[in-house]
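Below, each chain spelled out in residue letters.
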Amino acid sequence: MTQPEPAGLNRTGIQMSPQDSRAMQNFGGGGPDAFFDDSGIADLRSDYIVNAEQLGSVPLPVGPKGAIKPGLSMLRGDSPHVLIDKLGERLAFERIATRLYDALITKCEAMLDGSISMSIVDLQEIRDDEARHFLTVAQAIESLGGDATAQTPSADLVGVESMGLVQVLNDPRTTIAQSLHAILTAELADQAGWEALIALAEEHEQYDMIGDFSMALDEERGHLLMVQSWYEEAIGIPSAWDFEDDEYFDEPLP
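Residues numbered from 1 in each chain as written. Predicted model: local features only at pLDDT ≥ 70, side-chain atom pairs only at ≥ 80, totals over all residues. Heavy atoms only, no water.

Draft legend 1. Region of interest: the overall build of the protein chain. Each helix and strand in the protein chain was counted, giving 9 helices and 2 strands. Reading the protein chain from its N end, one meets helices and strands in the order α-α-α-α-α-α-α-α-α-β-β. A sequence separation of at least 24 residues applies to 70% of the contacts in the protein chain between residues at least 6 apart. If you sum the accessible surface of the protein chain, you get close to 15400 Å²; carbon and sulfur atoms cover 54% of it. (Helix = DSSP H or I, 4+ residues; strand = E, 2+ residues; numbered from the N terminus. Contact = heavy atoms within 4.5 Å. Areas by Shrake-Rupley, 256 points an atom, 1.4 Å probe, with all protein chains shown as cover.)

Quick look at the structure:
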């Protein structure tokens with residue numbers, strides 16, 4: 001599992017057929033620059049961009065008679081909908097992260113061979129953290145009178161962004177190292193998302209949220225260090241994480 005990717009007959013490179021590649025490049029007398037002219041598709045995309053609707057709308061917390069619910073009036077700042085949108089984003093991302101770890105656990109149950117320090121128990125603990133973070137954000141939304149089942153524009157966005165990560169984890173051909181690379185990508189984005197959400201909560205003076213979200217951020221930082229260490233082990237780099245003392249060293253261990 002920690003060995004380099006296998007070498008084989010890879011036919012994707014242009015150098016596999018020099019004669020055909022030259023013929024393709026010289027087709028119709030056009031020079032190499034002709035193959036990089038994307039002005040036509042750019043014009044088409046520009047037209048779609050100008051005339052497109054927005055990705056979605058932020059569902060503001062309102063009561064049965066259309067009145068804004070009391071929770072929203074507690075918000076401070078000029079753009080309360082931004083906080084609600086980003087709460088929806090984190091809710092969606094934590095749900096996706098939980099599913100990513102579910103998929104990784106399934107893969108490791110079939111493939112893990114003890115060559116790296118990661119264990120199923122480690123992954124299950126992180127998976128449970130992600131599920132708990134989902135509930136934390138859902139409770140925060142509901143505390144403002146919002147609907148945790150509503151999909152905000154940023155929630156829609158991270159769903160699309162994460163589709164590739166889900167495909168990597170669920171592809172039976174991907175190795176544990178490749179799967180960890182996808183998880184590492186998710187953890188990097190997760191940390192940045194929590195940092196932005198905490199800053200927005202501070203802007204709107206949601207101090208209870210700040211405390212809960214800061215705890216989640218600390219846990220996510222721990223996840224990131226562990227996943228990075230496991231990934232490095234899986235591709236043959238000595239681990240820089242001391243699991244006994246829960247310390248991370250700046251330099252890899254000898």
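Read on for the rest.
Draft legend 2. Up close: the nonpolar core. Counting residues in hydrophobic clusters, the biggest one holds 30 residues, and the most contacted among them are Leu104, Met118, Leu123, Leu180 and Trp230. Put simply, the parts of the chain that give this core at least two residues each are helix H4 (80–111), helix H5 (120–143), helix H6 (153–161), helix H7 (163–170), helix H8 (176–203) and helix H9 (207–234). The leading source of residues in this core is H4, at 9 residues. If near-sequence neighbours (up to four positions away) are discounted, leucine 180 is found in contact with Leu104, Ile116, Met118, Val227, Trp230, Tyr231 and Ala234. Core analysis: the next-biggest nonpolar cluster, separate from the first, contains 19 residues, Leu83, Leu144, Ala216 and Leu217 among them. (Core = buried A, V, L, I, M, F, W, Y, C linked by side-chain atoms within 4.5 Å. Buried < 20%, exposed > 50% of the residue type's maximum accessible area, 1.4 Å probe, protein only.)

Draft legend 3. Representation of H8 within the structure. Between its first and last C-alpha atoms H8 spans 40 Å; for 28 residues at 1.5 Å apiece the expected length is 40 Å, and the two agree. N-cap assignment for H8: the residue whose side-chain oxygen lies 3.4 Å from the backbone N of alanine 177 is threonine 175. Glutamate 205 sits one or two positions beyond H8 and adopts a positive phi of about 60°. (Expected span 1.5 Å × (residues − 1). Polar contact = N/O pair within 3.5 Å; in protein donor to acceptor, adjacent residues only side chain to side chain.)

Draft legend 4. View of unusual backbone geometry. The phi torsion at glutamate 205 lies on the positive side, around 60°, for a residue other than glycine. Along the chain, glutamate 205 falls in the loop between H8 and H9. Residue classification places glutamate 205 among the partly exposed residues on the basis of a relative accessible area of 40%.

Draft legend 5. Structural context of the packing of aromatic side chains. The final tally for this structure, using the stated rule, is 1 aromatic pair. Lying across the ring of tryptophan 194, arginine 90 places its NZ or CZ 5.7 Å from the centre. (Phe/Tyr/Trp six-rings, centres within 6.5 Å; stacked < 30°, edge-to-face > 60°. Lys NZ or Arg CZ within 6 Å of the ring centre and 35° of its normal.)

Draft legend 6. Focus on a nonpolar patch on the surface. A contiguous nonpolar patch, built from Ile41, Leu44 and Tyr48 and spanning about 320 Å² of accessible area, is present on the exposed surface. We classify leucine 44 as partly exposed; its relative accessible area is 44%. (Patch = residues over 30% accessible without salt bridge, like charges linked within 9 Å, V, L, I, M, F, W, Y side chains within 5 Å. Salt bridge = Lys/Arg side-chain N within 4 Å of Asp/Glu carboxyl O.)

Draft legend 7. Local environment of the confidence of the model for the protein chain. Chain-level pLDDT for the protein chain is 84 on average; 80% of the residues reach the 70-or-more range. The low-confidence segment residues 64–70 (pLDDT under 50) makes 8 contacts with residues lying over four places distant or belonging to another chain. (pLDDT = per-residue confidence, 0-100.)

Draft legend 8. Region of the structure containing the packing of H7 against H8. Where H7 contacts H8, the axes come no closer than 9 Å and their chain directions differ by 155°. As judged from the angle between their axes, H7 and H8 are roughly antiparallel. The way H7 lies across H8 gives a crossing that is left-handed. Contacts between H7 and H8 involve Leu165, Val168 and Leu169 on the former and, on the latter, Gln178, Ser179, Ala182, Ile183, Thr185 and Ala186. (Axes fitted to C-alpha atoms, helices over the stretch in contact; angles between N-to-C directions. Parallel < 35°, antiparallel > 145°, perpendicular 65-115°, else oblique. Left-handed = near helix turned anticlockwise from the far one by under 90°.)

Draft legend 9. Geometry of the environment of valine 82. Turning to its location among the elements, valine 82 is positioned in helix H4. Spatially, the C-alpha atoms of valine 82 and leucine 200 are 8.1 Å apart, while their sequence positions differ by 118 residues.

Draft legend 10. Expanded view of the pattern of salt bridges. Scanning the entire structure with this criterion turns up 11 salt bridges. Here arginine 132 makes a salt bridge to aspartate 129, at a shortest N to O gap of 2.5 Å. Residue arginine 132 and its partner aspartate 129 are located together in helix H5, separated by 3 residues, close to a single helical turn. For arginine 132, a relative accessible area of 37% translates into the label partly exposed. Note that aspartate 218 is salt-bridged to arginine 221, the shortest N-O span being 3.8 Å. Of the two residues, aspartate 218 and arginine 221 are both situated in helix H9; the distance of 3 residues between them amounts to about one turn of the helix. Exposure remark for aspartate 218: the relative accessible area of 49% places this residue in the partly exposed category.

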